[in-house]
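# Geometric and topological summary
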Amino acid sequence: MTQSVEQTTQQYANPDALVSTEWVAQHLNDPNIRIIEVDVDTSAYEQGHIPGAIAWNWKQDLQQQPVRDIPNKEQWEDLLSRSGITPDTTVILYGDNNNWFAAFAYWLFKLYGHNNVKLMNGGRKKWLEEGRELTNDVPSYPRTDYKAPEPTPQLRALRDEVMKVLGRPDVGLVDVRSPKEFSGELLAPENLPQEGAQRGGHIPGAKNIPWSTAVNEDGTFKSPEELRKIYQDQGITPDKEVVTYCRIGERSAHTWFVLHELLGYKDVRNYDGSWTEWGSVVGAPIER
């Protein structure tokens, strides 16, 4: 007998990391919940969104300008304050492309110590396919005065830290991009402009386990048993330190979520500099 999404969710290492579309539909009017849509296509929200949801633009809200980096503590506090979020708010994240940037935002919430955060399993795709309610109304919430703790460095890998672990058998590097990006044939996903790095290829020793292998056709995550097999068959086991990377850090945040939250791997870091940084660094080792 096929298990329900709710039954499968309870089997993950952190079952609180996910909620179903049905759960979200039942909690639309809960004042303690803030629903946030974060899309690759920043115009998707305007085409209709979950009632009560606000939109974050990944280009403007989830990175510094003009420096390429994640939001600093003050910027993060301002973003959450103007979104009407308090430390007690339950945050529900969803987006297009099977939650790419929703997972990146989730990683940022965890990085800055807000643990009451969840992904909507299946993302925007599943909500639309189920014919659930959409609106074009843009809500407004009273500003708060959010104060964040210092970021948790154990969740993030910087370039020099990745350099130091190359060749170590106790470290698993996971390149979650497509096989053509991994081989160096492409610099970005096929449907995007081929830009972002001077060179193609991958970090030496990395295993190519595309992010998409972790999801079902409807956008939901595969079962714990299926996920464990995908990564452990490639030598990415729970006893290792694991570093995930992609092109700009959002697909690797998706795989970070799978390994850290769904499978319970203890030591997983997202290298958000990813190939855009590595493929342009003078002297950085590259395999093809």
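Residues numbered from 1 in each chain as written. Predicted model: local features only at pLDDT ≥ 70, side-chain atom pairs only at ≥ 80, totals over all residues. Heavy atoms only, no water.

The protein appears in an unreviewed UniProt entry as Sulfurtransferase from Thermobaculum terrenum. UniProt, in its Catalytic activity (unreviewed entry) section for the protein, records the words "thiosulfate + hydrogen cyanide = thiocyanate + sulfite + 2 H(+)". (UniProt positions renumbered as here; feature names shortened; annotations may be inferred.)

Strand order in the open sheet made by the 4 strands is 7-6-8-9, with parallel pairing throughout. One side of each edge strand has no neighbouring strand; the edge strands of this open sheet are strand 7 (207-208) and strand 9 (268-270). Examined bridge by bridge, strand 8 (residues 241-245) and strand 9 share 3 bridges and lie parallel to one another. Note on strand 9: the bridge partner recorded for Val242 is Val268. The strands touched by helix 10 (residues 250-262) within the sheet are strand 6 (171-175), strand 8 and strand 9, with strand 9 carrying the most contacts at an inclination of about 165°. (Pairing = 2+ DSSP bridges. Helix = DSSP H or I, 4+ residues; strand = E, 2+ residues; numbered from the N terminus. Contact = heavy atoms within 4.5 Å. Axes fitted to C-alpha atoms, helices over the stretch in contact; angles between N-to-C directions.)

Our focus in this paragraph is the pairing of strand 5 (residues 117-120). Neither face of strand 5 is exposed, since Val117 and Leu119 on one face and Lys118 and Met120 on the opposite face are all buried. Sheet topology places strand 1 (residues 18-19) next to strand 5; 2 bridges connect them, and they run parallel. In the sheet register, Val19 faces strand 5, and the bridge partner there is Met120. One crossover worth recording links strand 4 (residues 90-94) to the parallel strand 5 by way of helix 5 (residues 96-111), and it is right-handed. (Buried < 20%, exposed > 50% of the residue type's maximum accessible area, 1.4 Å probe, protein only. Right-handed = clockwise from strand over helix to strand, strands pointing away.)

Under the domain assignment, the protein is made up of domain 1 (2-151) and domain 2 (154-279). Using only C-alpha atoms to locate each centre, domain 1 and domain 2 end up separated by 22 Å. Listed per partner, the contact involves 28 residues of domain 1 and 32 residues of domain 2. When the area that domain 1 buries against domain 2 is broken down by residue, the three leading residues are Arg68, Trp100 and Trp107, summing to 28%. Taken together, the links from domain 1 to domain 2 amount to 3 salt bridges. Put simply, Asp69 and Arg156 hold a salt bridge, and the shortest N to O gap is 2.6 Å. Along the contact surface separating domain 1 from domain 2 lie 13 residue pairs in polar contact (both at pLDDT 80 or more). Of all the secondary structure elements, the ones that give two or more residues to the side of domain 1 that touches domain 2 are helix 5 and helix 6 (123-129). The biggest single contributor to the side of domain 1 that touches domain 2 is helix 5, with 11 residues. When its residues are assigned to classes, the side of domain 1 that touches domain 2 shows 14 nonpolar, 8 polar and 6 charged. (Domains from an automatic or database assignment. Buried area = accessible area lost by both parts, 1.4 Å probe. Salt bridge = Lys/Arg side-chain N within 4 Å of Asp/Glu carboxyl O. Polar contact = N/O pair within 3.5 Å; in protein donor to acceptor, adjacent residues only side chain to side chain. Nonpolar A, V, L, I, M, F, W, Y, C, P; charged D, E, K, R; others polar.)

A separate point is the sheet that holds strand 4. What links the strands of a sheet is backbone hydrogen bonding, and the strands pair in either a parallel or an antiparallel sense. Sheet architecture is open: 5 strands sit in the order 1-5-4-2-3, paired in parallel fashion. Either end of the sheet is taken by a strand with one partner, and the two such strands are strand 1 and strand 3 (54-56).

Trp56, Leu62, Trp76, Leu93, Phe109 and Tyr231 are the most contacted members of the largest nonpolar core, which totals 55 residues. Listed by contribution, the elements that provide at least two residues to this core are strand 2 (33-38), strand 3, helix 4 (73-82), strand 4, helix 5, strand 5, helix 9 (224-232) and helix 10. Here this core spans two domains, since at least three of its residues come from each of domain 1 (2-151) and domain 2 (154-279). (Core = buried A, V, L, I, M, F, W, Y, C linked by side-chain atoms within 4.5 Å.)

Here we take up the UniProt feature "domain: Rhodanese" (unreviewed entry) in the protein. Taking the UniProt record as the reference, the feature "domain: Rhodanese" (unreviewed entry) is found at residues 29-136 and 167-287. Taken end to end, residues 29-136 comprises 34% helix and 17% strand; its first and last C-alpha atoms sit 17 Å apart. A helix fraction of 26% and a strand fraction of 12% characterise residues 167-287, whose end C-alpha atoms lie 13 Å from each other.

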